[in-house]
Amino acid sequence: MTMTDSASDAAHNDSMQNTRPNILFIMVDDHASHAMSCYGSRINQTPNLDRIANEGMRFDNCFCTNAICTPSRAAILTGTYNHVNEVTTLDTPMDNSLQTFPKLLQASGYQTAVFGKWHLGTGPEHCPTGFDDWAVLPGQGLYHNPDFIFKGPDGGTRRTVKGYVTDLITDMSLDWLEQRDEDRPFCLLYHHKAPHRSWEPDEKHAHLYLNEHIPEPETLFDDYSNRASAAEAATMRVGVHMGTADLKCEISSSLSEQELRRWAYQRYIKDYLRVIASIDDNVGRVLDYLDEQGLTKNTLVIYTSDQGFFLGDHGWYDKRFMYEESLRMPFILRYPKEVEAGSANEDMLLNVDFAPLFLDIAGLPIPENFQGDNPRPLLRGETPSDWRTAMYYRYWMHKADHNVYAHYGIRTKRYKLIYYYADTLAQMGAIDETYEPEWELFDLEQDPFELNSVYDDSAYAEIVSELKAELHCLQAEVGDTRYEKDMD
Ligand code: CA
């Protein structure tokens, strides 16, 4: 039997529709890659997360463009930088009329859902859009017996659900997968609250590490010398800047700052890792479900976090700085149809690149105003000759919460140049107190832990001027504005 051209096209389109890959986007909150065994963690094992890397690809240089929750989430959904989507701080909710990858997937026939952490504003005007179904935590949400807002009219219905938040988000995700229409592809955003502060484990994992000593990071006792004043000013030191809710016990006032830091690190990191052990178990449940349902081959699975985290590195917890531990995002993916098992990639991937990848995988065009680059060739082990070799970063939320000064900067393979402009620039949630700007330069080859800024070292004068030119060029390329004192 022969088919007419149009019948043949229709058959082809049908088969496209049926075979378009599913997308499972697992994003957790504040999980640094140096607490994943597939990234060589010295402090824990994550066997289920490692499955994704072992059966797929590990990206070793994935970076966020602004290391804080709400802005990074907006960059991921919209494929744009924060000066464009205007979600610059924790207090700038996302405009629901912005184009996002879930909206485009939904319009093209994908079944879409998000369960768990949203954190892009609450109330009717900021609830998730572009999803067939959703249930999200209000704001940060709770670890135990949390409230969820379920999809419904007027911004949804709020109700308390009994249980542990990581288990509950997984149950909701599995229930939704179970009731899906098997004839259409799905895109599920499975978004954990964990391991965000205040790191509250469930009973099942509370006993882990009890009698163990967790190795300390190399820079736990950083004294913040040889850098701009921002590092010393930050109020996110393990111990001295924590409370009883963080450490789950009273804090002895008789310890020196160093003794306190050493003691508090053990308390903090053990809870952080216990909370991650629950994520690992639950991701395992979802991977098992994909196997049982025969979905593994045709599903792109991603595991990432909205940014990195300081695990006692530089004596800190939290993120915000452009330093490596907070800039770096874990990013592992599995897509057996196209990605070689156990492979790794060293190219620079950014959070704004995720949306273009999902659209391309779904066979959809990438809108002109999406600023990320499409990393699809990287999945096949093919790096385009013009792939980026430098990235632009900007932290806007001057001084809020942890007294981290507003800054922007550039990272290349070898160097990192940071400009602390230290000004609120009228950003919502930032604190209006301005300081004289300062620069830092790190030679990551010589100084991988970023302990010694060489900005004033005359041996690096030429590098400084080259990097400044490149920074300003990148900044102009993405359409951001240079600070008024950064004009020389
Ligand atoms: Ca976060």
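Residues numbered from 1 in each chain as written. Predicted model: local features only at pLDDT ≥ 70, side-chain atom pairs only at ≥ 80, totals over all residues. Heavy atoms only, no water.

**Description of the confidence of the model for the protein**
Confidence in the prediction of the protein, expressed as mean pLDDT, is 95, and 96% of residues score 70 or more. Counting interchain partners and residues more than four positions distant, the pLDDT-below-50 stretch residues 10–14 has zero contacts. (pLDDT = per-residue confidence, 0-100. Contact = heavy atoms within 4.5 Å.)

**Some details on the coordination of the calcium ion**
Surrounding the calcium ion are the protein donor atoms Asp29 (OD), Asp30 (OD), Cys69 (SG), Asp306 (OD), Asp306 (OD), Gln307 (OE1) and Gln307 (NE2), at 2.2 to 2.9 Å. By relative accessible area, which is 0% here, Asp29 ends up buried. Under the relative-accessibility criterion, Gln307 is labelled buried at 0%. (Donors = N, O, S within 2.8 Å, 3.2 Å for Na, K, Ca; no water. Buried < 20%, exposed > 50% of the residue type's maximum accessible area, 1.4 Å probe, protein only.)

**What about the pattern of salt bridges?**
This model, assessed by the stated rule, comprises 38 salt bridges. The partner of Glu382 in a salt bridge is Arg380, with the nearest N and O atoms 3.5 Å apart. With a relative accessible area of 44%, Glu382 lands in the partly exposed category. By relative accessible area, Arg380 is classed as partly exposed at 42%. Each of Asp30, Asp318, Lys319, Arg320 and Asp401 takes part in a single network of salt bridges with overlapping partners. (Salt bridge = Lys/Arg side-chain N within 4 Å of Asp/Glu carboxyl O.)

**Comments concerning the domain arrangement of the protein**
The assigned domain composition of the protein is domain 1 (21–203 + 265–383) and domain 2 (391–478). One C-alpha centre belongs to domain 1, the other to domain 2, and the line joining them spans 27 Å. At the interface, 31 residues of domain 1 touch 31 residues of domain 2. Summing both sides of the interface, domain 1 and domain 2 together bury roughly 2500 Å²; the carbon and sulfur share of this comes to 62%. Looking only at domain 1, the three residues that lose the most surface to domain 2 are Arg320, Met322 and Tyr323, adding up to 29% of its buried area. (Domains from an automatic or database assignment. Buried area = accessible area lost by both parts, 1.4 Å probe.)

**A closer look at helix 9 (residues 257–292)**
The end-to-end C-alpha separation of helix 9 is 52 Å, in line with the 52 Å expected for 36 residues at 1.5 Å each. Of the residues one or two after helix 9, Gly294 is the one with positive phi, at around 70 degrees. (Helix = DSSP H or I, 4+ residues; strand = E, 2+ residues; numbered from the N terminus. Expected span 1.5 Å × (residues − 1).)

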